[in-house]
Amino acid sequence: MFHQLLEKVKECHPLIHCITNPISIHQCANGILAIGGRPIMAEHPEEVEEITKTADALMLNLGNITDVRMQSMKIAAKTARTNHIPILIDLVGIACSKFRRKYVMELIADTIPSVIKGNYSEIHALYHEEYQASGVDAENNLDQSTIAAETAELALKYHTIVLVSGETDIITDGKQLIYMKNGTPQLATVTGTGCMLGALCTCYLSVCEDISAAVMACGILGIGGERAETEKGSGTFLVNLMDELSTLTEEEIQKYIKMEMIKLENP
């Protein structure tokens, strides 16, 4: 799996259209470039249809939402659906904003995304409408087993793959549950690494529209983060991370990946 996805992205150089927030746009673009894709970050409503048609996959990220970006996301999503282009929706901030939550529910209903991504709080908010969190980071009091069960139900409900980012990443299509345990606390010391995970997953979705894309994204970012660890500070860590993303080999991923897979009953 790892060899196929690593090589296919590098061979195909897929065009990944990201409508994302300006806080993470740089990290998302560099992450896609590091693994062999080509990022484009167009968000004007007058051009997103034309650009989305040429893309190999589409990422919609709700961070720092604006009226223009919301309009563009709906246009891009409709275009991608019509042209059978895989879509990832990143639920940034829906746990702290009813406005975003209402919008994303409409977007999911109209879009049928290949992957829904969020942190523990955001996925919990998608499952529990009344849940409210403070800020865009995940709260620490959410139980992993509870989130895993909710994630599996959401995957079946929306007929999609759900990717939950956290200290342990959780991935499911409702039939199998995968725990990814690579990573480092230093990933949280620079902005945009969660959004970067969505961008990496979208890039792999362009060449493989199944759960392997999410597994690969979590694996390469987690292992890359571990190998990038440094005492010099967050700036050096970020540079090291980009180096690792662009040079990690299949053999290194196979050696260092920490993954547990559980088959779910009665999917």
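Please refer to the structure higher up on the page.
Residues numbered from 1 in each chain as written. Predicted model: local features only at pLDDT ≥ 70, side-chain atom pairs only at ≥ 80, totals over all residues. Heavy atoms only, no water.

Caption draft 1: Molecular detail of the overall build of the protein chain. In terms of helices and strands, the protein chain carries 11 helices and nine strands. Against the 2.2 N^0.38 benchmark of 18 Å for 267 residues, the protein chain shows a C-alpha radius of gyration of 17 Å, consistent with a compact globule. Each principal axis of the C-alpha distribution contributes one length, and for the protein chain these read about 40 × 40 × 35 Å. Counting all 267 residues of the protein chain, 57% fall into the buried class. Of the contacts formed within the protein chain by residues at least 6 apart in sequence, a portion of 72% connects residues at least 24 apart. As displayed, the protein chain has an accessible area near 11700 Å², and 50% of this comes from carbon and sulfur atoms. If the 21 positive side-chain charges of the protein chain are averaged to one point and the 35 negative ones to another, these points end up 3 Å apart. (Helix = DSSP H or I, 4+ residues; strand = E, 2+ residues; numbered from the N terminus. Rg over C-alpha atoms; globule rule 2.2 N^0.38 Å. Buried < 20%, exposed > 50% of the residue type's maximum accessible area, 1.4 Å probe, protein only. Contact = heavy atoms within 4.5 Å. Areas by Shrake-Rupley, 256 points an atom, 1.4 Å probe, with all protein chains shown as cover. Lys, Arg positive; Asp, Glu negative; His and termini not counted. Charge placed at Lys NZ, Arg CZ, Asp CG, Glu CD.)

Caption draft 2: Focus on the layout of surface pockets. In this model, the second largest pocket occupies a volume close to 190 Å³. For the lining of the second largest pocket, a count of residues per class yields seven nonpolar, five polar and three charged. (1 Å grid on protein atoms, 1.4 Å probe; cavity = no way out; pocket = protein on both sides within 12 Å on 5 of 7 lines; lining within 4 Å. Points joined across faces, edges and corners; volume = space filled by probe spheres on them. Nonpolar A, V, L, I, M, F, W, Y, C, P; charged D, E, K, R; others polar.)

Caption draft 3: Structural detail: the side chain of Glu150. The topology assignment puts Glu150 in helix α7 (residues 144-158). Those residues in contact with Glu150 that sit more than four places away from it in its chain are His124, Tyr127 and His128.

Caption draft 4: Broad picture of the nonpolar core. Among the nonpolar cores identified, the biggest contains 51 residues, and Ile171, Tyr204 and Leu245 are the most heavily contacted of them. Here this core takes 11 residues from helix α9 (residues 211-228), the largest share from any one element. Apart from residues no more than four positions distant in its own chain, Leu245 is found in contact with Ala34, Ile35, Met196, Leu200, Ile220 and Leu221. By size, the runner-up hydrophobic cluster in this structure holds 41 residues, among which are Ala80, Ile85, Tyr120 and Ala155. (Core = buried A, V, L, I, M, F, W, Y, C linked by side-chain atoms within 4.5 Å.)

Caption draft 5: The arrangement of the sheet that holds strand β5 (residues 115-119) in detail. Across the sheet, nine strands lie side by side as β2-β1-β3-β4-β5-β6-β7-β8-β9; this open sheet has mixed pairing. Unpaired on one side and paired on the other, β2 (38-40) and β9 (259-263) mark the two borders of the sheet. Looking at each pair of strands side by side, their axes are set apart by 20° on average, direction ignored. One ladder, built from three bridges, connects strand β1 (residues 15-19) with β2; its direction is parallel. Note on β2: the bridge partner recorded for Leu15 is Arg38. Helix α4 (residues 67-82) contacts β1, β3 (57-61) and β4 (87-90) of the sheet and is inclined by roughly 150° relative to β3. (Pairing = 2+ DSSP bridges. Axes fitted to C-alpha atoms, helices over the stretch in contact; angles between N-to-C directions.)

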